[in-house]
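Take a look at the letters that make up each chain.
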Amino acid sequence: DTGVSQDPRHKITKRGQNVTFRCDPISEHNRLYWYRQTLGQGPEFLTYFQNEAQLEKSRLLSDRFSAERPKGSFSTLEIQRTEQGDSAMYLCASSSRDPVNVNEQFFGPGTRLTVL
Amino acid sequence: DAKTTQPNSMESNEEEPVHLPCNHSTISGTDYIHWYRQLPSQGPEYVIHGLTSNVNNRMASLAIAEDRKSSTLILHRATLRDAAVYYCILRAPFNAGNNRKLIWGLGTSLAVNP
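Every value quoted in this text rests on a predicted model; they were computed, and no experiment measured them.

K.L.:
Honestly, the overall build of chain A in this entry has me stumped. Any pointers?
P.N.:
Check the secondary structure of chain A and you find zero helices and 11 strands. Its C-alpha atoms give chain A a radius of gyration of 14 Å, within 12% of the compact-globule value 13 Å for 116 residues. Across the 116 residues that make up chain A, the buried fraction comes to 48%. In chain A, once contacts between residues fewer than 6 apart in sequence are set aside, the share between residues at least 24 apart is 54%. Accessible surface for chain A amounts to roughly 6,000 Å². Of this, 44% is attributable to carbon and sulfur atoms. The positive charge centre, built from 15 side chains, and the negative charge centre, built from 14, are 6 Å apart in chain A.

Pasting the structure below:
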C-alpha cells in the first residue's frame, strides 16, 4: 500500500501524559498537513509543512502541541500534558508538487486519541 | 474565510443520480471549490474541485453556478459505497509556501438505500 499511513491508529492515555503520533506521507509528496477532527465536525487545520519547513500553524495549536518533519519525509505530532479536550481524531494528509495533482490532498486513516 | 452551507443529510436510492447542493454566497473571485467525502471510520477522500467551469472526473461531476454562489456535486449512479459525509470546501489561493489548507464545514451525510 503506497497511501498515507499513520501510527498508532488508536491511543488511550491519561490526562497529563505526553503522546506522539507519526505520519508517513506518500513517497515524494513534499507537502504535509495535520488536521484534527472531533465527533460530528469537519476536520480543522492544525499545521502545514513544505518539505521540512513548518510554514503555518493554526491558533488551535497551543504551546502543548509541537510538530516536526525533520527530513522532509515522515512527520510527528506531539501533545504534552494532554487534556480531555484533546480527545479527537488526528488526521495527516499529503500532496504532490506535481502541477496536475497539487490540489488533491491524500489523507491517512487517522489516529484516534482518547484522554481519560 | 468564506463559508459554505450544506444540508445536514440527504437520502438516495441505489443506482439513481444524486445532487448534493452547496451554497457559498460569500465566495471570492479566486476561491476554488473543493469536494471531499469521508466514509465511516476513514480519512477524507478527494472527490473533485473547480473554479468557474463545470468539471467531470471518474467519481463525479461538479456543476458551478454562473455567479459562483452555489455549486452541486453530482453522483451519476449512487452505490451503497457512496454512503458518506460529503464536504464542500472553499479554498483560497495558496498562502505563503504553497499552503493549500482546507477549511471544512459540517458536510452532508448521504444515505443510500438499496
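Don't stop here, the text continues.
K.L.:
In this structure, what is going on with the state of the cysteines? I would like to understand it.
P.N.:
Here is the idea: a disulfide is a covalent bond, and it sits between the sulfur atoms of two cysteines. Applying the stated criterion across every chain, the model contains two disulfides over all chains. Each sulfur of the disulfide joining C23 of chain A and C92 of chain A lies 1.8 Å from the other. Taking the torsion about the sulfur-sulfur bond, which here is approximately -65°, the covalent link between C23 of chain A and C92 of chain A counts as left-handed. You can see C23 of chain A sitting in strand 3 (residues 19–24) and its partner C92 of chain A sitting in strand 9 (residues 88–95), a full 69 residues away along the chain. Put simply, C22 of chain B and C88 of chain B are joined by a disulfide, and their sulfur atoms are 2.1 Å apart. Handedness of the C22 of chain B-C88 of chain B disulfide follows from its S-S torsion of about -80°: it is left-handed. You can see C22 of chain B sitting in strand 2 (residues 18–23) and its partner C88 of chain B sitting in strand 8 (residues 84–91), a full 66 residues away along the chain.

K.L.:
Would you mind showing me how to read unusual backbone geometry here?
P.N.:
Outside of glycine, negative phi angles account for most residues, and trans bonds account for most peptide bonds. Put simply, D7 of chain A and P8 of chain A share a cis peptide bond, and its omega is -5°. Position of P8 of chain A among the secondary structure elements: in the loop between strand 1 (5–7) and strand 2 (10–13). The phi torsion at S41 of chain B lies on the positive side, around 60°, for a residue other than glycine. Checked against the element boundaries, S41 of chain B lands in the loop between strand 3 (32–38) and strand 4 (45–50). Of note in the backbone geometry, R68 of chain B takes a positive phi value of approximately 65° without being a glycine.

K.L.:
It is not clear to me how the layout of surface pockets should be interpreted in this structure. Could you clarify?
P.N.:
Sizing a probe to match a water molecule and rolling it over the atoms shows the empty space that remains. Of the volumes computed, that of the largest pocket is approximately 540 Å³. If you go around the largest pocket, you meet 27 residues; those closest to its centre are E104 and F106 of chain A together with E45, Y46 and R58 of chain B. Listed by contribution, the elements that provide at least two residues to the lining of the largest pocket are strand 10 (106–107) of chain A together with strand 4 of chain B. Of all the elements, strand 4 of chain B adds the most residues to the lining of the largest pocket, at four residues. Roughly 420 Å³ of volume is contained in the second largest pocket. For the second largest pocket, the lining is made up of 22 residues, of which Q37 and R112 of chain A together with Q38, P40 and S41 of chain B are closest to its centre. Elements with a minimum of two residues in the lining of the second largest pocket: strand 8 and strand 9 (108–113) of chain B. Examining the composition of the lining of the second largest pocket, we find that three residues originate from one element, strand 8 of chain B, more than from any other.

K.L.:
How do you make sense of the interface of chain B and chain A when you look at a structure like this?
P.N.:
Interface size, as often reported, equals the accessible area lost upon joining of the parts. In this complex, chain B contributes 21 residues to the contact, which on the side of chain A involves 22 residues. Summing both sides of the interface, chain B and chain A together bury roughly 1,700 Å²; the carbon and sulfur share of this comes to 48%. Counting every contact that joins chain B to chain A gives one salt bridge. Here K101 of chain B ties to E56 of chain A by a salt bridge, and the two come within 2.4 Å at their closest N and O atoms. Applying the counting rule to chain B against chain A returns six residue pairs in polar contact (both at pLDDT 80 or more). Of all the secondary-structure elements, those providing two or more residues to the side of chain B that touches chain A are strand 3, strand 4 and strand 8 of chain B. If one sorts the elements of the side of chain B that touches chain A by residue count, strand 3 of chain B sits on top with three residues. Class assignment for the residues of the side of chain B that touches chain A results in eight nonpolar, 10 polar and three charged.

The rules we used
- Going along each chain's sequence as written, the residues are numbered from 1 onward.
- Both sets of labels track the order of writing: A upward for chains, 1 upward for ligands.
- Two thresholds apply to this predicted model, a pLDDT of at least 70 for residue-level local features and 80 or more for giving and counting side-chain atom pairs, whereas whole-chain, interface and lining totals are computed over all residues.
- Side-chain descriptors were evaluated using all non-hydrogen atoms of the structure, hydrogens and water having been removed beforehand.
- Per the convention used, a helix needs a DSSP run of H or I reaching at least four residues, while a strand needs a run of E reaching at least two, with both numbered from the N terminus.
- Within these notes, the globule rule equals 2.2 Å times the number of residues to the 0.38 power, and the radius of gyration is based on C-alpha atoms.
- Relative accessible area decides the class of each residue, using a 1.4 Å probe on protein chains only: under 20% of the type maximum gives buried, over 50% gives exposed, and in between gives partly exposed.
- Every residue pair with non-hydrogen atoms within 4.5 Å of one another is taken to be in contact.
- What sets the accessible areas is the Shrake-Rupley method with a 1.4 Å probe; for residues, cover comes only from the shown protein chains.
- Note that His is not counted, nor are the chain ends; the positive residues are Lys and Arg, and the negative ones are Asp and Glu.
- Here the site of a charge means atom NZ of a Lys, CZ of an Arg, CG of an Asp or CD of a Glu.
- A pair of sulfur atoms, both from cysteines and within 2.5 Å, is called a disulfide here.
- Two kinds of site are reported from a 1 Å grid over the protein atoms alone, namely cavities, where a 1.4 Å probe fits but cannot get out, and pockets, open sets with protein on both sides within 12 Å along at least five of seven lines, and residues are called lining when an atom falls within 4 Å of a point.
- Grid points are joined across faces, edges and corners, and a volume is the space filled by probe spheres set on the points.
- Put simply, buried area is the surface a 1.4 Å probe can reach on two separate parts but cannot reach once they are joined, added for both.
- When a carboxyl oxygen of Asp or Glu lies within 4 Å of a side-chain nitrogen of Lys or Arg, that pair is called a salt bridge.
- Here a polar contact is taken to be a pair of N or O atoms separated by no more than 3.5 Å, where protein atoms must pair a possible hydrogen donor with a possible acceptor and residues adjacent in sequence count only if both atoms sit in side chains.
- Charged residues are taken to be Asp, Glu, Lys and Arg, nonpolar residues to be Ala, Val, Leu, Ile, Met, Phe, Trp, Tyr, Cys and Pro, and polar residues to be all remaining types, Gly included.

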